Each structure stands twice: as C-alpha cells, then as structure tokens.
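# Structure at a glance
Here is how the chains run, residue by residue.
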Amino acid sequence: MIQISVVIPVFNEEESLPELTDWISRVMQSHGFSYEVVFVDDGSTDTSWEVIKRLSQQNDALKAIRFNRNYGKSAALNVGFKKTQGEVVITMDADMQDSPDEIPVLYEMIKSGQHLVSGWKQKRHDPISKTIPSKFFNRVTRIISGIKLHDFNCGLKAYDQKVIKTLEIYGEMHRYIPVIAKRNGFTKITEKVVEHRARKYGTTKFGIERFVYGFLDLISISFVSKYRKRPMHFFGSMGTLSFLVGFAFVLWMGWKKISAIYIYKTNEYRDLVDQPIFFLAIAAIIIGVQLFLAGFVGEMLAMNSHKKSDYIFEETIGLDS
C-alpha cells in the first residue's frame, strides 16, 4: 500500500510546479517512502495543466485531475481526498510557501496515533491585511469548536486515511476541516509548528472576501454539526416556543376582556382587535406553526438525503474519472 498521498490544489501556479514536484520527490526518496502526488487543477487559466502533464510523464507517482472551471480550494481538496490511496494524506499549497521537508515528521505523528495534525505558521510571511483577520477568525473558531489550534487555515496538514474518507467539504470549509473531523468523531487533533516561506512565484489568489465567506461557513458548520440529523430539535423547539408565547398572550388578553365584562362589569377594556399586541401574538402563533412544519420537512429530507458530486472533470492523469 502507498504510505503517503500528497494532495495539492492548483490555481495558476505554472512557475512553482516543477520546483515543488522535484522537492517532494527528493524528500520521499531520501526517506524511502512509497508515495503519490495528486494535483487538482482548479480551472487554471495559465499553463499549469500543461506543466502537470509534462511532469507526470517524468514521474509515475504524479496523478492529476483538471476541473472544467474554478470551483475553489474546498472543492479541489474534496475531490482529491476521494482519489487518494495512501495510509497518510498530506495537503499543501502549490505556491511553495509550505515546505515538503515537514512531511516525514507529519507522517510519523499520524502513525503514532494522531488523527489530524495541523500546521502552525508561527512566523508568517504575509501582509498585515491577512494576518490580523486570520488571528481573529482563528480565535473565534477555537472558542466555538473547543479545538486548541492556533492556525486552522494552514494548508499544510496531515490526516489518517480514515479521516479524509469521512469529509465532505465545500464553500470555504477547507479552513474548518479540524472542526468537521471532530464532528465526525476524530478527536485526536494536534498541531506542529511549520516553516512558512515567503512566496517565490506569482501572487496570492485570495482576497478579503474569503474571511466573510469563511465566517458564514463557520456558522453553517456549527449549526449543521448540531442539528444535521435532527432538524426538528431546532425548528420544532423554536416553533413550539413561538406558538406558546403567542397563544399565552391571546389567552391573557381574552381573560382580561372577559373579566372586565363579567367580573368588573365595565366595557372600558379595549377590544382585542384594537390592540397591536394581539396581532403580534397571532403572528407568533403562525410563525410557530411554520417553524414546526419546517422541522418536520427537514426531518423527512434528512432521512432521505443523499450526496451528489457536481464537479465536472475535464481531464485526469493516472486516475479514474
């Protein structure tokens, strides 16, 4: 069996690919590892795919998938994971800011019993526009997830094979893979300080909007982790609460009206329909019923759901499409 699979998402990295491939090969050969490198070309518009094809003719360990358009890093990792055969799976970026020299230690940490090892770029070569938001989101993710990692978004990570086969990621969820792994029952998660190299070729492909999308995905993961299999627990609880509050106000106003007429013998108490709170109470009852029905429909969808890949492969190398 292959010992190590290296999954590398690629988007317009034609300059770095030959050097990165040679570096990985040197590390693997010097340590006697059996390995494969799975490149996922995420719709590159430069000559990245031609470079990968040329490199694969020189090295049988190289395999590749080419998307017909840009789907994003999460999609590239999701598909790459499904194609791996190694006992340990390593992910790294194609821009050479991650060092392949870290691979042997990461491999040994997984073989020693860890489920996931995340790189920690303690000293970063990034502009402040990336480091400050990154620190904020890492802190928020630590608080919400309870996972004590300093750098959730580091591209250099190592996984036990059984972990990555349970992952289903999309959107910007690649930065929260440790959170998803923990949700799936893999709790042996740790980190290792890794070298973060200055970018040698090209420019960064990520803008500030990735932090907005990432935050929304964190909320999504947190919600789905808790209620994916039991949506009625969320929608039903909220619906029941809304219904009971609205119904209680209607009963209270009704009692006030009845007591004013039959007990206190007065008509000074306003009619129910003349009070704004009455309509708010009715709205709460209606919303409660709708939320309860949403939970019921969600339960039926959860019981009958199935996953379907929407990613289109334009070409593959050394893999079944």
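A quick note: this is a predicted structure, and the numbers were derived from the prediction, not measured.

This paragraph deals with empty space enclosed by the protein. According to the stated counting rule, one finds one cavity of 30 Å³ or more in the structure shown. Roughly 80 Å³ of internal volume is contained in the largest cavity. Surrounding the largest cavity, 14 residues form its lining, Leu77, Cys154, Gly155, Lys157 and His174 being those nearest its centre. Its residues assigned to classes, the lining of the largest cavity shows six nonpolar, four polar and four charged.

Moving on, we get to unusual backbone geometry. Positive phi, close to 55°, is recorded for Asn12, a residue that is not glycine. Following the sequence through the fold, Asn12 ends up in the loop between strand E1 (4–10) and helix H1 (17–30). The backbone phi angle of Met96 is positive, close to 70°, even though this residue is not glycine. Here Met96 shows up in the loop between strand E4 (88–91) and helix H4 (103–111). Using a relative accessible area of 1% as the deciding quantity, one classes Met96 as buried.

This paragraph deals with the nonpolar core. If you look at the biggest cluster of nonpolar residues, it comprises 37 residues, and the most contacted ones within it are Ile4, Val6, Ile8, Ile24, Phe39 and Ile90. The set of elements that each furnish at least two residues to this core consists of E1, H1, strand E2 (35–41), helix H2 (48–58), strand E3 (62–67), E4 and H4. Top contributing element to this core by residue count: H1, with six residues. With residues near it in sequence (within four places) discarded, Phe39 still touches Ile8, Val10, Leu17, Thr21, Ile52, Leu62, Lys63, Ala64 and Ile65. Tyr159, Ile164, Tyr176 and Ile177 belong to the second-largest nonpolar core, a separate cluster that totals 22 residues.

Locating Gly246 in the fold gives a position in helix H9 (residues 231–262). Assessed through its relative accessible area of 1%, Gly246 is described here as buried. A C-alpha to C-alpha distance of 9.4 Å links Gly246 and Ile287, two positions 41 residues apart in sequence. The contacts of Gly246, once residues within four sequence positions are left out, are Ala281, Ala284 and Ile285.

Next up on the list: the sheet that holds strand E8 (residues 313–317). Strand pairing in a sheet relies on backbone hydrogen bonds. The paired strands run either parallel or antiparallel. The mixed open sheet is built from eight strands, whose spatial order is E7-E5-E6-E4-E1-E2-E3-E8. Every other strand in the sheet has two partners, leaving strand E7 (189–193) and E8 as the edge strands with one partner each. Strand-to-strand twist in this sheet, taken as the mean axis angle between neighbours without regard to direction, amounts to 15°. Pairing of E3 with E8, which is carried by four bridges, proceeds in the antiparallel orientation. Bridging from a neighbouring strand, Ile65 pairs with Thr316 of E8.

So, on to the packing of aromatic side chains. Tallying each qualifying case throughout the model produces six aromatic pairs. Their ring planes at 65° and their centres at 5.5 Å tell us that Phe81 and Tyr159 sit as a pair that is edge-to-face. Of this pair, Phe81 sits in helix H3 (residues 73–83) while Tyr159 sits in strand E6 (residues 157–160); the two residues are 78 residues apart in sequence, bridging distant segments of the chain. Grouping residues by exposure puts Phe81 and Tyr159 together as buried.

Strand residues, when the strand is regular, have side chains that alternate between the two faces of the sheet. The element E2 is extensively covered by neighbouring structure, given that seven of its seven residues are classed as buried. Of the two faces of E2, the one lined by Tyr35, Val37, Phe39 and Asp41 and the one lined by Glu36, Val38 and Val40 are each fully buried. With seven bridges joining them, E1 and E2 adopt parallel strand pairing. Counted as the bridge partner of Pro9 is Val40 from E2. After leaving E1, the chain enters H1 and then returns to the sheet as E2, a path that is right-handed. Crossover connection from E2 via H2 to parallel E3: handedness right-handed.

Counting buried positions along E3 yields five of six residues, so the element is predominantly enclosed. In the sheet, E2 pairs with E3 via five bridges, with the strands oriented parallel. Across the sheet, the residue bridging to Val38 is Lys63, located in E3.

This next bit is on the environment of Ile147. Positionally, Ile147 belongs in the loop between helix H5 (128–145) and E6. Exposure remark for Ile147: the relative accessible area of 6% places this residue in the buried category. Taking the C-alpha atoms as reference, Ile147 lies 8.7 Å from Thr190; in sequence the two are 43 residues apart. Dropping the residues within four chain positions of it, Ile147 is found in contact with Arg142, Phe152, Pro178, Val179, Lys182 and Ile189.

What counts, and at which threshold
Residues numbered from 1 in each chain as written. Predicted model: local features only at pLDDT ≥ 70, side-chain atom pairs only at ≥ 80, totals over all residues. Heavy atoms only, no water. 1 Å grid on protein atoms, 1.4 Å probe; cavity = no way out; pocket = protein on both sides within 12 Å on 5 of 7 lines; lining within 4 Å. Points joined across faces, edges and corners; volume = space filled by probe spheres on them. Nonpolar A, V, L, I, M, F, W, Y, C, P; charged D, E, K, R; others polar. Helix = DSSP H or I, 4+ residues; strand = E, 2+ residues; numbered from the N terminus. Buried < 20%, exposed > 50% of the residue type's maximum accessible area, 1.4 Å probe, protein only. Core = buried A, V, L, I, M, F, W, Y, C linked by side-chain atoms within 4.5 Å. Contact = heavy atoms within 4.5 Å. Pairing = 2+ DSSP bridges. Axes fitted to C-alpha atoms, helices over the stretch in contact; angles between N-to-C directions. Phe/Tyr/Trp six-rings, centres within 6.5 Å; stacked < 30°, edge-to-face > 60°. Right-handed = clockwise from strand over helix to strand, strands pointing away.

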